[in-house]
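Given next are the chains, with one letter for each unit.
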Amino acid sequence: MTSLPPRVVIVTRETEYELLLARHGTREAVRFHLETRGKRLDAVEARHHALVEAVRRLRAGLPRSWRQAAVRRDELDRFLFGPGDLIAAVGQDGLIANVAKYLDGQPVVGVNPDPSTIDGVLARISPQVAADVLGAVAAGEATVQARTMVQAVLDSGESLLALNEIFVGHRSHQSALYEISHGNASERQSSSGIIVTSGTGATGWARSIMESTGCEFRLDLCGPVAAFFVREAWPSNTTGTALTAGQLTPNSPLAVASRMDGGVIFADGIERDFLRFDWGARVSVRPAERTLLLVVE
C-alpha cells in the first residue's frame, strides 16, 4: 500500500491590516483611521506584506507532491489535524501557544515573518529555510524539543491544555473566592486569581509576577514541572495568604475548589475559550502528559 505524501498545515492569524480593512472597508479609510491616532499605514502594511511573503515563500519551497492545508487561528477549534501532519505556524510566538492545545504529537515549525518586530522565542525559523526545515522534520533529521504543557481537569471531566499558563479566577475584576490545596497545605483565599505556568510560560505573564514578588522558580522547558502563583491574595478573618506559590509535578498537583459564581478557567490568554468554574466545582492542575513538539532547527 502506497503511503500518502506529508501534509503541511500552515497556521496564521489575521494581520492588523486585515482586521482594520474589515472594519473600515477601504485602504484609504484605514489610512485616515491610523493617522488620526498618530500611526502610519506603511508600517502596518509592511508587517502584513511580510507575513504574506513568508507564506508564499514557504509554499513555493515545499515539494510539489506534498499536500498543503491552511487554517486561521479563529478556525483552530473546528479544524481536524491528522496524526501525520507537519505544522508550520507563521507569525508571532503566541500563535504557537494558540495551536499547541489542538495537537497531539504533530511537530510544529514556528516561522518568524518579521524578526524586526517579533521576538522569535518560539517562532525561530526564517521563511527562507522553513521549507528545508520541514523536509528535515519529515526525514526525522530535525532537532525537536518536547515542551512541557499544563493541564487543568475539572471534576466533571472537562479539561484544558496550555503551553504557557492556565488562569483560574473570576471572569470579571471581582475577587476570586476558592479553597486552594497543595501537598499537605490548604487555605481559603480571596485573590485576583491563580496562574499556573510551564517553563515556556515563565518568560511571560509569570515572569512579571516573579519579578514583582521576588518568588522565583527555575522551570525546565521540557521537564515535568510547573509552578503556581496566587495574584494579590487578600488577608481577612476568613481568607489567608500563606499558600501563594509552589512547584507542581504530575504527582503533586494543585487542587482548587470554587467558592464563587462567575469563576472561569482559561489557557494562554484566550479568555473566550474557557471552562466554567462556579461554586462547588473542583479542578486539578499539573504538568500534562501531552507535550508540544517544537522544532528548533
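Everything that follows concerns the structure shown earlier in this document.
A quick note: this is a predicted structure, and the numbers were derived from the prediction, not measured. Numbering of residues begins from 1 in every chain and follows the order in which that chain's sequence is written. In view of the model being predicted, local features appear only for residues whose pLDDT reaches at least 70, and side-chain atom pairs are presented and counted only at 80 or more, with totals across whole chains, interfaces and linings using the full set of residues. Excluding hydrogens and water, the side-chain figures rest on all heavy atoms present in the structure.

**Focus: the sheet that holds strand 10 (residues 194–197)**
Strand pairing requires that DSSP identify at least two bridges connecting the strands. Each helix is a run of H or I in the DSSP string that is no shorter than four residues. Each strand is a run of E no shorter than two, and both are numbered from the N terminus. Judged by pairing direction, the sheet is antiparallel, and its 6 strands sit side by side in the order 12-11-10-7-14-15 without closing on themselves. Looking at strand neighbours, the two that pair on one side only are strand 12 (245–248) and strand 15 (274–276), the edges of this open sheet. In this sheet, adjacent strand axes meet at a mean angle of 15° when their direction is disregarded. To obtain each axis, a line is fitted to C-alpha atoms, and for helices this fit is confined to the stretch in contact; angles are then taken between N-to-C directions over 0 to 180 degrees.

**Quick word on the packing of helix 3 (residues 41–61) against helix 5 (residues 127–138)**
Two elements in contact, helix 3 and helix 5, have axes whose closest approach is 8 Å; the angle formed by their N-to-C orientations is 35°. The crossing of helix 3 and helix 5 is right-handed. In this structure, helix 3 contributes Ala54, Arg57, Leu58 and Gly61 to the contact, and helix 5 contributes Pro127, Gln128, Ala130, Ala131 and Leu134. Grouping the amino acids of the contact of helix 3 with helix 5 by side-chain chemistry returns 6 nonpolar, 2 polar and 1 charged. Helix crossings are classified by the rotation of the near helix relative to the far one: an anticlockwise turn of less than a right angle makes the crossing left-handed, while a clockwise turn makes it right-handed. The contact rule is simple, with two residues in contact once any of their heavy atoms fall within 4.5 Å. Each residue gets one of three labels, nonpolar for Ala, Val, Leu, Ile, Met, Phe, Trp, Tyr, Cys and Pro, charged for Asp, Glu, Lys and Arg, and polar for the others, Gly among them.

**A closer look at the packing of aromatic side chains**
Pairing of aromatic rings covers Phe, Tyr and the six-membered ring of Trp, with a centre-to-centre limit of 6.5 Å; geometry is then stacked below 30 degrees between planes, edge-to-face above 60, and tilted otherwise. If you walk through the whole model with that rule in mind, you get 3 aromatic pairs. Ring geometry for Phe79 against Phe81: centres 4.8 Å apart, planes inclined by 65°, an arrangement best described as edge-to-face. Exposure categories follow from relative accessible area, calculated using a 1.4 Å probe and restricted to protein chains: below 20% of the type maximum is buried, above 50% is exposed, and the middle band is partly exposed. Under the relative-accessibility criterion, Phe79 is labelled partly exposed at 23%. Residues Phe217 and Phe229 carry aromatic rings whose centres are separated by 5.7 Å and whose planes lie at 55° to one another, so their mutual orientation is tilted. Placement of Phe217 in the loop between helix 6 (205–213) and strand 11 (226–230) and of Phe229 in strand 11 is noted, with a sequence separation of 12 residues between them. As far as the burial class goes, Phe217 and Phe229 line up, both buried. Note on geometry: a ring has a charge over it if NZ (lysine) or CZ (arginine) is within 6 Å of the ring centre and within 35 degrees of the ring normal. One Lys or Arg, Arg259, reaches over the ring of Trp279 and ends 5.8 Å from the middle of that ring.

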